[in-house]
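Here's the letter readout for the chains.
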Amino acid sequence: MRFAIGDTDFLLDGEPHRVLSGAIHYFRVHPDLWQDRIRKAKLMGLNTIETYVAWNAHAPQPGVFDLTGGLDLGRFLDLVAAEGMHAIVRPGPYICAEWSNGGLPYWLFADGTVGVRRNEPGFLAAVSSYLQALAPVLVPRQIDNGGPIVLVQVENEYGAYGSDASYLRALEQMHRDIGLTVPFTSVDQPMGTMLEDGSLPSLHKTGSFGSRATARLARLRLAQPTGPLMCSEFWDGWFDSWGEHHHTTPAAASASDLEDLLAAGGSVNIYMFHGGTNFGFTNGANDKGVYRPIATSYDYDAPLDEAGRPTEKFHAFRAVIERYAPVPPLPTSMQPGGSGRLDPVAGPGVSAGSAVGSGSAVGSGGVGLEARRAPATDVAVRLDRVAPLATLLPTLTSWTAHDVPPTFDALGAASGFVLHRTEVALPTGGVLTVGTEVRDRAIVSVDGVVVGVLEREHHDRAIALPPVTGTLELLVEDQGRVDYGPRIGEPKGLIGDVRVDGELLSRWTAAPLALDPIAPAALSVLGDATPSAGDVLAGPVFASGSFELASVDDRYLCLDGFRKGVAWVNGFCLGRYWSRGPQKTLAVPGPVLREGRNDVLVFELHAAASRTVCLLAEPDLGHTEG
């Protein structure tokens, strides 16, 4: 088959074809749930699945390129093909996506000499290697070769960042050089000169917008007089940041805008069809004068919610689509009021009961979709095994000596936490200051007692210390690397020297904490700990507990009474929690769980009023409105 760009339409084997696509990021969905999410997109009337490729997820360290488990892009695309659907792939190299560093590997910029999103030799050489590593996955899966891929996007909303045509030409050539032959696209907002700045005549321009579709398409047509009109990011919702309100868009309003788009003859990629979750430490952040880390949930108020259930928006969009294209019959379970579950159907390279790991204990004892049928009830779990961070440090890290506190990047730490320690003699106390910036949050302790927190969000750089002769510690948290704008690629940690009353503090030791995946030795120490009494927890502290399940299903971890930290189930890092909201619960994919014994682990940074967490049978999607 052939896919091409005609004078007015996309052409599939020479016939006009409308692209009806929905975004599903494979790296935000447990791999055992890919098939379910893809099939539900087809049931809404879509004929195409779009995904970014997260370079930094595949290449966590130099010389590594992981295509296994939850990063098996080839398997994801094969599942798309098995549903009789097409695929749009957006390898970037920059993707934004509210994903850490916009998908760019942190290590690429560690020495400060490599350019960011520009025609610079070091950056382009790294991109070339990245695309060559993707070639065996993408090239044979193009529609020309019998695969599902019909379009590939070059860069991502580049017109909002720069206008270097030589950089775009170099990227385009690299994509061609690895053997990609399908049409190439660009995407930008139809505002100002973004469409012109972010594209080339050889790239088919598409728009990104979520409202005023008629006017946006008119601006797109002005920039590109011929060819099919396409909104390749039709924003049907928005992402959440910690401490802000939960974003929603009315289903009727979004459906009306979709109607306008399709009535004008446009093609569409709905961003997002299913948002998924920023598991582990993968969330990005925005910084437009104030640093705002993205929440763990990437629900996006999408047609398919974080729990994989159809929303009002699903049915509203389906009603619009069926006026322009045939839609398959909707099973009873997917109709309003239904369970939202589908019976499994085996696809290529996957059995209905498989449980694929992704760098953690996911696959151990897991069961597939066919076992996810018994009615579920809420399960309270007491975290009765407790160990302070200091107790577990030998199992989580090793120490190195430094004259000044090193950045995360200098330590080879992509994300998470770094503990800095030095000895001080301050009989009258003093004021501690960080030279340039705290990226992003530091808990300051003296002799094991927390004295305060420095927050990037508040532009904190100074804190008063009490009298102390002993150990000064700063536990620094990366809350998410900036994913948009000029601060992409910046280092994390304590930026600049650390002083007390103007006097330089030196002779530091530093220890990055290995938390995703968490070290088995740490889990062993917690497992051997004697159950302790009491209710409250004083952080930084790890606490774990166990619970039994007769059957597995998707669950949702509720941490009422906890303040801020990270949670795991069966060794799988669910991500960050924070009492400031708006997110209330953490998604626990069913394939992470197992019949029989399961384990919950929490790393609480501050304090918890209770040692009991709850595995909910249904998500709490009400969100706080903080």
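Residues numbered from 1 in each chain as written. Predicted model: local features only at pLDDT ≥ 70, side-chain atom pairs only at ≥ 80, totals over all residues. Heavy atoms only, no water.

## Some thoughts on the packing of aromatic side chains
Filter applied, for reference: In this scheme Phe, Tyr and Trp rings, the latter by its six-membered ring, pair at centre separations within 6.5 Å, and the angle between planes marks the pair as stacked below 30 degrees, edge-to-face above 60, and tilted otherwise. Labels follow the DSSP assignment, with helices taken as runs of H or I lasting at least four residues and strands as runs of E lasting at least two, numbered in each case from the N terminus. Burial classes: relative accessible area under 20% of the type maximum marks a residue as buried, over 50% as exposed, and values in between as partly exposed (1.4 Å probe, protein chains only).
Following the criterion strictly, the structure yields 27 aromatic pairs and no others. Geometrically, the ring pair formed by Trp 242 and Trp 578 is tilted, given 6.2 Å between the ring centres and 55° between the ring planes. Taken together, the residues Trp 242 in the loop between β10 (230–235) and α8 (251–263) and Trp 578 in strand β33 (residues 572–578) connect sequence positions 336 residues apart. For the pair formed by Trp 242 and Trp 578, the shared burial category is buried. Ring plane angle 10° and centroid distance 4.3 Å describe the contact between Phe 542 and Phe 603, whose orientation is recorded as stacked. Taken together, the positions of Phe 542 in strand β30 (residues 541–549) and Phe 603 in strand β35 (residues 596–604) put the pair 61 residues apart, joining distant regions of the chain. In terms of burial, Phe 542 and Phe 603 fall into one category: buried. One aromatic cluster in this structure is built from Tyr 52, Trp 235, Trp 238, Phe 239, Tyr 271, Tyr 298 and Tyr 300.

## Describing the pattern of salt bridges
Rule in force here: By definition here, a salt bridge exists when the distance from a side-chain nitrogen of Lys or Arg to a carboxyl oxygen of Asp or Glu is within 4 Å.
According to the stated counting rule, one finds 38 salt bridges in the structure shown. Close ionic contact of Arg 39 with Glu 83 constitutes a salt bridge, the shortest N to O distance being 2.7 Å. With Arg 39 in helix α1 (residues 34–43) and Glu 83 in the loop between α3 (73–82) and β6 (86–90), this pair connects stretches of sequence that are 44 residues apart. You can call Arg 39 buried: its relative accessible area is 14%. A salt bridge links Glu 244 to Arg 292; the nearest nitrogen and oxygen atoms lie 3.0 Å apart. In this pair, Glu 244 is assigned in the loop between β10 and α8 and Arg 292 in strand β13 (residues 291–293), connecting sequence segments 48 residues apart. The partly exposed category is assigned to Glu 244, whose relative accessible area is 25%. Owing to a relative accessible area of 26%, Arg 292 belongs among the partly exposed residues under this scheme.

## Focus: the confidence of the model for the protein
For clarity, the threshold we go by: Within a predicted model, pLDDT stands for the predictor's per-residue confidence, ranging from 0 to 100. Note on definitions: a residue-residue contact is assigned when non-hydrogen atoms from the two residues lie within 4.5 Å.
Summarising the model, the protein shows a mean pLDDT of 93, and 94% of its residues fall at 70 or more. When the criterion is pLDDT under 50, residues 347–373 qualifies, and its contacts beyond four places in sequence or with other chains add up to 69 contacts.

## Structural notes on the sheet that holds strand β37 (residues 612–616)
The line we're drawing: Pairing between strands is defined by DSSP: at least two bridges between the two strands are required. The axes used here are C-alpha line fits, helices contributing only the stretch in contact, and every angle between their N-to-C directions lies in the interval 0 to 180 degrees.
Read from one edge of the open sheet, four strands run β14-β37-β31-β34, paired in antiparallel fashion. Looking at which strands have only one partner, the edges of the open sheet turn out to be β14 (379–382) and β34 (585–588). Recorded for the sheet is a direction-independent mean angle of 25° between the axes of neighbouring strands. Alignment of strand β31 (residues 555–558) against β37, held across three bridges, turns out to be antiparallel. If you follow Tyr 556 over to β37, its bridge partner there is Leu 616.

## Here's the deal with the sheet that holds strand β26 (residues 498–500)
Strand order in the open sheet formed by four strands is β22-β18-β26-β27, with antiparallel pairing between adjacent strands. The strands lining the two open edges of the sheet, one partner per strand, are β22 (462–465) and β27 (503–504). The pairing of strand β18 (residues 430–434) with β22 spans four bridges and is classified as antiparallel. Bridge pairing in β22 places Val 431 opposite Ala 464.

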